[in-house]
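# Structural description and commentary
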Amino acid sequence: MLLPIIASAAAAAFATLITSLPTSANHVVHEKRSGSSNWSPVRDAKLDGRITLPIRIGLTESNLHRGDDILMEVSDPASEKYGKHLTAEEIIELFAPAPESIDIVRNWVVSSGIESSRISLSRGKNWLNVNASITEAEALLRTEYKIYEHTTGQKHIACEEYSVPQELSKHIDLIMPTVHFDTKIVGDPERRKTKRDPQAFKPGNSDNNGWLPKKGPTISGPGADPDVAPQPFALTTCNTQITPDCLRALYNFTNGTLAKSSYAVVEYTPQAYLQTDLNLFYSNLAREIPTGTAPILDSIDGGVDQTTTQSFDDNGESDLDLQYAIALVYPQEVTLYQTGDLVEGASFNNFLDAIDSSYCTSGGGDNPTYDATYPDPNSGGYKSRDCGRYTPASVISTSYGSNEADLSAAYEVRQCNEYMKLGMQGVTILYSSGDNGVAGNGAECCTKAKCAGGTYNTGKSGTFNPSFPGTCPYVTSVGATQIVSGASVTAPEEACETVIYSGGGFSNVFAMPSYQSSAVKTYFANHKPTYTATQYNNSQTVRGYPDVSANGANYVVAVDGSLSLVYGTSASSPTFGSVITLINEQRVNAGKAAVGFINPTLYANPTILNDITSGGNQGCGTAGFTAVAGWDPVTGLGTPNYGKMLSVFMSLP
């Protein structure tokens, strides 16, 4: 199991377990708040100790120390077991917490005075759900709960740290609600529009903050910019406007033909596509696709393709993702995982629940403080809960993310382990790396080394702020490139420095995975940055990101009835995902398994990607990192070369 840099029970190997009640009074701090700039305790605010606080105790799973090895067995191109993926049922059995862990933690809770009737075990046997009062929770965890307030005015119950008996620490992964500040932001209507991440999800605001793609000039249709001269959609104009044909020329692939794989894009309500925009895109840039062609809708927790509100903020992300995913893999169908109803929204965890029943918990489900609650009790809310409802697609692209510093290490490790399990099943998970270079979501920079507490500076100097889930070693993080100004579509690209900057850097939580160690070691040996540990984690022992990249500038997208130029790693991820889907199409047709977790194969064969050696990802008052020969924390290993990638992946069993 890949160990996090910050100690976490999720990474601890099982020791000899006992079922007797712990007798030691020696409590140890299990998690401590690292700090979130947008939350602060409300002075003089008192909590009623009688209030019920639903507590969820995440139990340390069995065999997590073997997880990395098992994933590598089915993902490493040198392994005899390459492509022999596990079933969902096999994974559930492999990682279920030991019965002794369940018993010993339950006994601890009961010994504190909480009746067993208020304790339930989740379906996946990895969470204990406890209905306790605040007073009982404070006594159990030796902590003090406070009311915190977000800059939006939203209130949230949390604590600075909590403790558990030392004998239990290896049996407990994390406990919620405690120190985590990934709650959905539901402040005033205007501030609600900040698209941070699905855990704090609302679509992008008018300033195009966070991961929301950035809108450039409107080039055709209502609202067209009079200062932009119309140009033909041709390979000769790819340096100013990217189309599906430009991407095919850049990355050496053609249309799909077999439709024998599965590809999905994840969106979070109220972000939604418009069918009229898809039709407009087809008629201009993908005429082989019939009018009315739509994605397969897999609605999760009431996810709806809403059309009530229409703007770039509401439609830009979904229109971009789906128009290019559909066009690049047609006639392969694309699935849309539309997640969350119009009332609650949704989180990454809500999505993961829907494709893996073992991740989905019973007794009310994900913690209501951090994730959307389903069934949704609010008026107009979704009155059911989608747990393990869908089989995951072979390739899943997501263009959302958060700052690594906004979440606790334990929370991130647990979610990262879920991506590991999906990789074992043969699923390729891609996340965009962010649009603010070395700065975090919303161009936020930390004020302390390794983002260990403190506050954020927005658009100013500070410590580099890595993203999550991109820093999870079990996802493929996708950065952004651009065609050099004035260059042809066949010329080498450079790191994107038009409107956005490719997110990249080094984790403060996750250790360097074995598949990446040689590439990162070479980077530091030949191109070590001059920055100090004050600015980034320069230990040379941590996960670097992104892994790969794809064009992220000047995409022609139909949004709200017009054609506009759009920028962002939001475009890069579905583009790279499309290339992997076309490779899967050929493997499936040959009777082989989908490629699954692709990072080990890519790092073992870096020449199958187009190396990017110029450009940078400025942020936090610095020039950021620089793209160089080989892997770098700007564009990763480079952009796809379909022909070379197909040759390698088809040579594998």
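Residues numbered from 1 in each chain as written. Predicted model: local features only at pLDDT ≥ 70, side-chain atom pairs only at ≥ 80, totals over all residues. Heavy atoms only, no water.

### Describing the state of the cysteines
Taken as a whole and assessed by the stated rule, the structure comprises four disulfides. Across the disulfide, Cys 238 is cross-linked to Cys 246 (sulfur-sulfur distance 2.0 Å). Taking the torsion about the S-S bond as the criterion, the Cys 238 to Cys 246 disulfide, at about -90°, is left-handed. Classification of Cys 246 as buried rests on a relative accessible area of 0%. Across the disulfide from Cys 445 sits Cys 620; the S-S distance is 2.1 Å. On the sign convention where negative means left-handed, the S-S torsion of about -100° between Cys 445 and Cys 620 marks this disulfide as left-handed. One end of the pair, Cys 445, is in strand E17 (residues 444–446); the other, Cys 620, is in the loop between strand E27 (609–610) and strand E28 (639–640), with 175 residues separating them in the sequence. For the pair Cys 445 and Cys 620, a shared accessibility class is recorded, and that class is buried. (Disulfide = S-S within 2.5 Å. Buried < 20%, exposed > 50% of the residue type's maximum accessible area, 1.4 Å probe, protein only. Helix = DSSP H or I, 4+ residues; strand = E, 2+ residues; numbered from the N terminus.)

### Describing the pattern of salt bridges
Using the criterion set out here, one finds 11 salt bridges in the structure. The residue Lys 81 makes a salt bridge to Glu 73 at a minimum N-O spacing of 3.8 Å. According to the relative accessible area criterion, Lys 81 is partly exposed, its value standing at 43%. Within this structure, Glu 115, Arg 118 and Glu 136 form a network of salt bridges that share partners. (Salt bridge = Lys/Arg side-chain N within 4 Å of Asp/Glu carboxyl O.)

### Focus: the packing of helix H7 (residues 312–329) against helix H11 (residues 569–589)
Following both chains from N to C, one finds H7 and H11 inclined at 25°, their axes separated by 9 Å at the closest point. Looking at the two axes, H7 sits roughly parallel to H11. You can see that H7 and H11 cross each other, and the crossing is right-handed. Between H7 and H11, the residues in contact are Glu 317, Leu 320, Asp 321, Tyr 324, Ala 325, Leu 328 and Val 329 and Ser 570, Ala 571, Pro 574, Thr 575, Ser 578, Thr 581 and Leu 582, respectively. (Axes fitted to C-alpha atoms, helices over the stretch in contact; angles between N-to-C directions. Parallel < 35°, antiparallel > 145°, perpendicular 65-115°, else oblique. Left-handed = near helix turned anticlockwise from the far one by under 90°. Contact = heavy atoms within 4.5 Å.)

### Brief notes about the nonpolar core
In a soluble, globular protein the nonpolar side chains are often hidden away together inside. Formed by 163 residues in total, the largest nonpolar core has its most connected members in Ile 57 and Trp 108. Discounting residues that sit within four places of it in the chain, Ile 57 has contacts with Val 105, Trp 108, Val 109, Asn 126, Trp 127, Leu 128, Val 130, Ile 172, Leu 174 and Ile 175. (Core = buried A, V, L, I, M, F, W, Y, C linked by side-chain atoms within 4.5 Å.)

### Remarks on helix H10 (residues 517–527)
Two residues of an α-helix separated by three or four positions point the same way, owing to the 3.6 residues in each turn. Residues Val 520, Tyr 523 and Phe 524 constitute the buried set of H10. Around the axis of H10, the buried residues are gathered within 90° of arc, so they sit on the same side. Pointing more than 90 degrees away from the buried face of H10 are the exposed residues Ser 518, Lys 521, Ala 525 and Asn 526. (Arc of directions from axis to C-beta.)

### Some details on the sheet that holds strand E9 (residues 172–176)
Strands belonging to one sheet form pairs held by backbone hydrogen bonds; the direction of such a pair is parallel or antiparallel. Across the sheet, four strands lie side by side as E4-E5-E3-E9; this open sheet has antiparallel pairing. The open sheet has two free edges, formed respectively by strand E4 (119–121) and E9, since each of these has just one partner strand. Going from strand to strand, the sheet's axes swing by 20° on average, the running direction of each strand aside. Lying on the sheet, helix H3 (residues 99–111) is in contact with strand E3 (52–59), E4, strand E5 (127–133) and E9; it crosses E3 at an angle near 155°. Packed on one face of the sheet, helix H4 (residues 134–141) meets E3, E5 and E9 and runs near 125° to E5. (Pairing = 2+ DSSP bridges.)

### Points about the side chain of Ser 573
With respect to the helices and strands, the residue Ser 573 is situated in helix H11. Ser 573 sits in the buried class, given a relative accessible area of 0%. Contacts of Ser 573, omitting those with residues within four sequence positions, involve Tyr 263, Ser 397, Thr 398, Ser 399, Leu 430, Tyr 431, Ser 432 and Val 478.

### Comments concerning the packing of helix H5 (residues 244–251) against H7
H7 packs onto H5 with a crossing angle of 60° between their chain directions and a minimal axis gap of 10 Å. Judged by the angle between their axes, H5 and H7 are oblique. Crossing of H5 against H7: the hand is right-handed. Two secondary-structure elements touch here, H5 through Pro 244, Leu 247 and Arg 248 and H7 through Tyr 324, Ala 327 and Leu 328. Tallied by class, the residues present in the contact of H5 with H7 amount to five nonpolar, no polar and one charged. (Nonpolar A, V, L, I, M, F, W, Y, C, P; charged D, E, K, R; others polar.)

### What about the environment of Gly 58?
By the element assignment, Gly 58 lies in strand E3. Relative accessible area serves as the criterion here: at 0%, Gly 58 is assigned to the buried category. With 352 residues separating them in the primary sequence, Gly 58 and Ala 410 have C-alpha atoms 9.8 Å apart. With residues up to four places along the chain from it excluded, the contact list for Gly 58 reads Asn 126, Trp 127, His 171, Ile 172, Asp 173, Leu 174 and Arg 414.

### Quick notes on the environment of Lys 46
Looking at the secondary structure, you find Lys 46 in the loop between strand E2 (39–41) and E3. Considered as a pair, Lys 46 and Ile 147 are 101 residues apart in the sequence and their alpha carbons are 7.7 Å apart.

### Side note on the pairing of strand E22 (residues 505–511)
The element E22 is largely enclosed, with a buried count of seven among its seven residues. Note: E22 against strand E23 (residues 542–545), three bridges, orientation antiparallel. Among the inter-strand pairings, Phe 506 is bridged to a residue of E23, identified as Gly 544.

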